[in-house]
Amino acid sequence: MLASFGRVGTIVVAVVILTGLLNTSFLLKLDDLPLLPSTQYGQLLLIKLTLFGGMLGLAALNRFRLSPALARNANAGNGSAAIRALRLSIGLEFTLAAAILVIVGWLGTLEPMPVS
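The rules behind these values
- Residues numbered from 1 in each chain as written.
- Predicted model: local features only at pLDDT ≥ 70, side-chain atom pairs only at ≥ 80, totals over all residues.
- Heavy atoms only, no water.
- Helix = DSSP H or I, 4+ residues; strand = E, 2+ residues; numbered from the N terminus.
- Rg over C-alpha atoms; globule rule 2.2 N^0.38 Å.
- Buried < 20%, exposed > 50% of the residue type's maximum accessible area, 1.4 Å probe, protein only.
- Contact = heavy atoms within 4.5 Å.
- Areas by Shrake-Rupley, 256 points an atom, 1.4 Å probe, with all protein chains shown as cover.
- Lys, Arg positive; Asp, Glu negative; His and termini not counted.
- Charge placed at Lys NZ, Arg CZ, Asp CG, Glu CD.
- Patch = residues over 30% accessible without salt bridge, like charges linked within 9 Å, V, L, I, M, F, W, Y side chains within 5 Å.
- Salt bridge = Lys/Arg side-chain N within 4 Å of Asp/Glu carboxyl O.

A. Layout of the overall build of the protein chain. On a plain count of helices and strands, the protein chain comes out with three helices and zero strands. Along the protein chain, helices and strands appear, N-terminal first, in the series α-α-α. The globule rule puts the C-alpha radius of gyration for 116 residues at 13 Å, and the 18 Å found for the protein chain is more than 25% above it. Along the longest, intermediate and shortest principal axes, the C-alpha atoms of the protein chain span 65 × 20 × 20 Å. Relative to its full complement of 116 residues, the protein chain shows a buried share of 24%. Pairs at least 24 residues apart make up 74% of the contacts formed inside the protein chain by residues separated by at least 6 positions. By element, 71% of the accessible surface of the protein chain is carried by carbon and sulfur atoms, the whole surface being about 8,200 Å². Averaging the coordinates of the 8 positive side-chain charges in the protein chain and doing the same for the 4 negative ones gives two points 26 Å apart.

Next up, the structure:
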């Protein structure tokens, strides 16, 4: 089941990245990018991207390390440590997702670049 979810998750992540890039291209001009970190919008966007990178890292850990360990240990009749590690990782991933949703809501209230 985890392997099947991994394939669907990869597609979902690709769609999220694509829509994020499209949204950014609608909101910002290329000349605005160097100024972005000096704005509240840009700082929140960088935090969001960092948290998203953390989620991707945890997802990769789940997919390539923890899920195979769970399968190996379950076949041997002892998967409790692997289950705990996977639960912790998924819990952290969920926490990062919740933080991202808060930031996305906050970003929706801000102007991407101050009007000059």
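Having seen it, we continue.
B. Examining a nonpolar patch on the surface more closely. The grouping of Leu18, Leu22, Phe26 and Leu27 at the surface amounts to a nonpolar patch, some 430 Å² of accessible area in total. Judged by relative accessible area, Phe26 falls into the exposed class, the value being 70%.

C. Spotlight on the side chain of Asn62. Among the structural elements, Asn62 can be located in helix α2 (residues 40–75). When sequence neighbours within four positions are dropped, the list of residues in contact with Asn62 reads Ser67, Pro68, Leu86, Ser89, Ile90 and Glu93.

Function-wise, these values are silent; they only describe arrangement.
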